[in-house]
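Summary of the model geometry
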Amino acid sequence: MSVAGSDFAVRVEGLEKSFGHWPVLWDLDLTLDWGQLLVLFGANAVGKTTLLRILSTQARPDAGTLSVAGYDPVRTPNAVRRRIGVVGHQTCLYDDLTCRENLVYYGRLFGLTDIPRRVDEAISRVSLGHRADQRVRTLSNGMQKRASIARAILHRPPLLLLDEPEAGLDQESTVMLQGLLKEWAESGGAAIMTTHNVDLGLAWGETGKIGVLADGKVQVQEPGRYANVAEFRQVLSSSLVTRQRN
Amino acid sequence: MVLVWKDILLEVRSRELVISVLVFGLLVAVVFNFALDVTPQRVTAIAPGILWVAFAFAATMAMSRAFVREREQGGLEGLLLSPVSRDAIFLGKALTNLLFMLLVEMVLLPVFAVLFGFSAMSFTLIGTIVLATLGFSLVGTLFSAIAAQTRSREIMLPVLFFPVILPVIIGAVEASTRAIGGETTVGLGRWLPLLAVFDALFLVICPWVFSFVVEE
Amino acid sequence: MAETRQTELAHADSRESVTPLGPVRRSRDLRVYLVVLGGVMMLADLSFIFWVAPTDSILGDIQRVFYFHVPIAVMSFLAFFVVFVASIVYLVTRSPAWDRLAQASAEVGVVFVTLALITGVIWARPIWGVWWTWEPRLTTTLILWLIYVAYLMVRAYAANPNQGARYSAVVGIVGFVDVPIVYYSVIWWRSIHPSPVVGPLAQANALEGTMAAVLLFSFITFLILFVFLVAQRMALRETEDRLGGIKSAMRRRAESVF
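This is a predicted model, so every value here is computed, not measured. (Residues numbered from 1 in each chain as written. Chains lettered and ligands numbered in written order. Predicted model: local features only at pLDDT ≥ 70, side-chain atom pairs only at ≥ 80, totals over all residues. Heavy atoms only, no water.)

**A closer look at the packing of helix H3 (residues 96-128) of chain C against helix H4 (residues 136-157) of chain C**
All names here are of chain C. Contact geometry for H3 and H4: axes closest at 9 Å, N-to-C directions at 150°. The two elements H3 and H4 meet at a crossing, and its hand is left-handed. Of H4, the residues touching H3 (which contributes Asp 99, Ala 102, Gln 103, Ala 106, Glu 107, Val 110, Val 113, Thr 114, Leu 117 and Trp 128) are Leu 138, Thr 141, Leu 142, Leu 144, Trp 145, Tyr 148, Val 149, Tyr 151, Leu 152 and Arg 155. Split into classes, the residues belonging to the contact of H3 with H4 amount to 14 nonpolar, three polar and three charged. (Axes fitted to C-alpha atoms, helices over the stretch in contact; angles between N-to-C directions. Helix = DSSP H or I, 4+ residues; strand = E, 2+ residues; numbered from the N terminus. Left-handed = near helix turned anticlockwise from the far one by under 90°. Contact = heavy atoms within 4.5 Å. Nonpolar A, V, L, I, M, F, W, Y, C, P; charged D, E, K, R; others polar.)

Shown next as structure tokens:
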């Protein structure tokens, strides 16, 4: 599943982004290999979503060189868009279409061939088969989120970007997502997800890297540096506390 | 085009946009009837004005509603994440807005014709409506994308839309007056080309600047 | 602890401002020159308008409004042309300087176009007998005013300054392209609906020699005033931006101190 010709799933050097005079990210370096998962911790408003939006071509960086799935998101956004799957805070699904219709619509936007089979695959991957022909409006939050994940994996992108995917997911779906991510990494893909949940983050991070976004940059944590798991958890928890900024 | 198909399917399901805009258009007609006291003698002078004020206001309502719907669950975000060129996205949205508005106008026009007693059927009038509505949807789609992202978006769309669209309203009213009056076609020769020039110009400019609007 | 932070911040401040200081000082010299020249010329212009220019034989003293009205109106058109060009260049290059120019020019332009409308109304009342008439140039000027007020509103109501810059650039381009169409549509519209108030004095007389000279002088004066105001506004915006840059450097430092 990895993309030939690109050594790194994500490579970011010297990324900077500010909103007006409000600096969000600066001197940010980040490297992610294929087959790796990166779990990103960080307090609210620290720039996790902004980072994912930049990687997913939705926001423009002020400075820095970027390579996402082998392509520059600023110069060749469409090449990047074809190779990433994004799950954000919003489902990006239309309430008055059924789950299947939504997926067919996205399949056509991505110019996929063999859309019905792919849609079936994605739906069964997130175990929504029994509700696929109901309007999204009638689904529970957890099911909508699963449908949103199905949308993100529909075009089989090698790189997944998930912004707090645990929000609104029930226990069963969380397990499903964990299995999916593991499968993604094993088949040579990569994923970055942000989270607020230390337990889930540690579980996801077992097979990959754990990073903390603070002071405008990503610091990759090495669990070995800490005396025990409890201390590591302490560090991660404290990174989630919103600092007073003035 | 898949965008148009999706929007039509959505509208068929919810029916909120076309219906509410239709009712709004009728209300405008009724209010103006009392405000201006339309008598048969003055109908050719006044009816086109009422017609186009109703159409223009209905257009702003329809288009701002259409963009809000795109943003509700992040549909626009999903659209922007797909490898479709921004030009195509703009033209798709503008085409959908054009079709919806034409549908609304095709229902409103006969109703207006009956209410104010003019004859609606003329190729000139239909041509005027198509050209002017194309202008509405090009400028309106662009500005509703801008307005949807700013604070006080309900006000921003009309504030941006009406000054820019004014030539279209003038042209449409003048052309309709001639079409409805059925008298001479004197002066018609310049209004339809004016609308066409406006459309052509904004057909080039709007897709280009749209990519800057949705960039972030 | 607090003290170290203070010195760190002061350090950040001084480091940030070393390089940009030079050009700012130079442009300030230019502005001083402009304001002196502009002030002298404005005084001269006023005396020319009120003492040198002959009283119009038909219109009387009110005709002197003309020496303000026409240059101001023309400068506002110039301002919006500058907005148009600066907006295009900004969208292509993303250089903040062009955005500053567009913003400064738009703000000064709105002030000028407002003055042009007011002087137009002052002119219209005694000469045409009405405060307002839907004359093509007047109408176009009013539409211009509406478009560029919307331009400033978009900038003010945007979610953040970058977005405001992009959105207003779009409005600056679309709005300016629209102006000629507005103008022609209003002219044609007028030709069908003749003005109800065509006073005996509606037609402007051919300008006599001295009048033309005063008008030309007035043009140059208002051009300098325009350039000065735009330069001043740009410098203010640049100072705001630099202050913002310092603030943002301070925020970064403050975070790293922890």
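This is not the end of the story, as more comes after the structure.
**Details of the sheet that holds strand E6 (residues 159-163) of chain A**
Whenever strands of a sheet pair, they do so through backbone hydrogen bonds, lying parallel or antiparallel. Residue and element names in this part refer to chain A. Read across the open sheet, the six strands follow the order E5-E6-E7-E3-E8-E9; overall the sheet is mixed. The outermost strands of the open sheet, each flanked by one partner alone, are strand E5 (84-87) and strand E9 (217-221). Taking each pair of neighbouring strands and ignoring which way they run, the sheet shows an average axis angle of 20°. Where strand E3 (residues 37-41) meets strand E8 (residues 209-214), four bridges bridge the pair, whose relative direction is parallel. Looking at the pairing, Phe 41 lines up with Val 212 of E8. Taken strand by strand, helix H6 (residues 171-186) contacts E3, E6 and strand E7 (190-194), and its axis lies near 150° from that of E6. Most of the contacts of helix H8 (residues 229-239) go to E8, to which it runs at about 35°, and overall it touches E3, E8 and E9. (Pairing = 2+ DSSP bridges.)

**Some thoughts on the confidence of the model for chain C**
Residue and element names in this part refer to chain C. In this model, chain C carries an average pLDDT of 79, and 79% of its residues clear a pLDDT of 70 or more. Taking the mean pLDDT of every element in chain C, the minimum, 62, falls on helix H1 (residues 2-52) and the maximum, 91, on helix H2 (residues 65-93). Note that pLDDT drops below 50 for residues 1-23; the model gives that stretch 16 contacts with residues more than four away or on any other chain. Note on residues 195-204: pLDDT is under 50 here. Beyond four places in sequence and across chains, it has eight contacts. (pLDDT = per-residue confidence, 0-100.)

**Topic: the interface of chain C and chain B**
Each partner contributes residues to the interface: chain C has 33 residues there, and chain B has 32 residues. Across the chain C to chain B interface the summed buried area is about 3000 Å²; carbon plus sulfur atoms make up 73%. Three residues stand out in chain C for area buried against chain B, namely Tyr 157, Tyr 167 and Trp 188 of chain C, and they jointly supply 20% of the buried area on that side. Across the chain C-chain B interface, the total number found is zero salt bridges. Inspection of the region where chain C meets chain B yields four residue pairs in polar contact (both at pLDDT 80 or more). Counting residues per element, the side of chain C that touches chain B draws most heavily on helix H5 (residues 161-192) of chain C, which supplies 17 residues. Taken together, the residues that form the side of chain C that touches chain B break down as 25 nonpolar, five polar and three charged. (Buried area = accessible area lost by both parts, 1.4 Å probe. Salt bridge = Lys/Arg side-chain N within 4 Å of Asp/Glu carboxyl O. Polar contact = N/O pair within 3.5 Å; in protein donor to acceptor, adjacent residues only side chain to side chain.)

**Section: a nonpolar patch on the surface**
Taken together, the side chains of Leu 26, Leu 103, Val 107, Val 111 and Leu 115 of chain B define a hydrophobic patch exposed on the protein surface, amounting to about 380 Å² of accessible area. Here the element with the most residues in the nonpolar patch is helix H5 (residues 86-116) of chain B; it accounts for four residues. (Patch = residues over 30% accessible without salt bridge, like charges linked within 9 Å, V, L, I, M, F, W, Y side chains within 5 Å. Areas by Shrake-Rupley, 256 points an atom, 1.4 Å probe, with all protein chains shown as cover.)

**Focus: the environment of Gly 78 of chain B**
Tracing the backbone shows Gly 78 of chain B in helix H4 (residues 75-80). Since its relative accessible area comes to 2%, Gly 78 of chain B is described here as buried. Apart from the residues within four sequence positions on either side, Gly 78 of chain B is in contact with Cys 92 and Tyr 106 of chain A. (Buried < 20%, exposed > 50% of the residue type's maximum accessible area, 1.4 Å probe, protein only.)

**With respect to the pattern of salt bridges**
Under the counting rule described, the total for this entry stands at 17 salt bridges over all chains. Here Asp 96 of chain A ties to Arg 137 of chain A by a salt bridge, and the two come within 3.0 Å at their closest N and O atoms. Placement of Asp 96 of chain A in the loop between E5 and helix H3 (99-109) and of Arg 137 of chain A in the loop between helix H4 (115-125) and helix H5 (141-153) is noted, with a sequence separation of 41 residues between them. Accessibility expressed as a relative area gives 9% for Asp 96 of chain A, which makes it buried. Across the salt bridge formed by Arg 237 of chain C and Asp 241 of chain C, the nearest N and O atoms sit 3.3 Å from each other. In this pair, Arg 237 of chain C and Asp 241 of chain C both sit in helix H6 (residues 209-257), four residues apart, roughly one turn of the helix. The exposure classification of Arg 237 of chain C matches that of Asp 241 of chain C, with both residues buried. Sharing partners across several salt bridges, the network here consists of Asp 99, Arg 100, Arg 155, Arg 237 and Asp 241 of chain C.

**Considering helix H2 (residues 16-36) of chain B**
Residue and element names in this part refer to chain B. Taking 1.5 Å per residue, 21 residues should reach 30 Å; H2 reaches 30 Å between its end C-alpha atoms and fits that length. Taken residue by residue, H2 has Leu 17, Val 18, Val 21, Leu 22, Gly 25, Val 28 and Ala 29 as its buried positions. Down the axis of H2, the sector holding all buried residues measures 125°, keeping them to one side. Those residues of H2 that are exposed and aimed more than 90 degrees away from the buried face are Val 31 and Phe 34. Directly beyond the C-terminal end of H2, a positive phi value near 50° is found at Asp 37. (Expected span 1.5 Å × (residues − 1). Arc of directions from axis to C-beta.)

**Considerations on the side chain of Asp 199 of chain B**
Residues and elements named next belong to chain B. Relative to the assigned elements, Asp 199 resides in helix H8 (residues 188-213). Among the residues examined, Asp 199 registers a relative accessible area of 4% and is labelled buried. Ignoring anything within four residues of it in the chain, the contact list for Asp 199 reads Leu 131, Leu 134, Gly 135 and Leu 138.

**Thoughts on the nonpolar core**
In terms of nonpolar packing, the biggest core is built from 192 residues, with Phe 136, Leu 142 and Phe 143 of chain B touching the most fellow members. In this view, Leu 142 of chain B contacts Phe 90, Cys 206, Val 209, Phe 210 and Val 213 of chain B together with Val 170 and Val 174 of chain C; residues no more than four positions away in its chain are not counted. Ala 9, Trp 34, Leu 38 and Leu 213 of chain A belong to the second-largest nonpolar core, a separate cluster that totals 31 residues. (Core = buried A, V, L, I, M, F, W, Y, C linked by side-chain atoms within 4.5 Å.)

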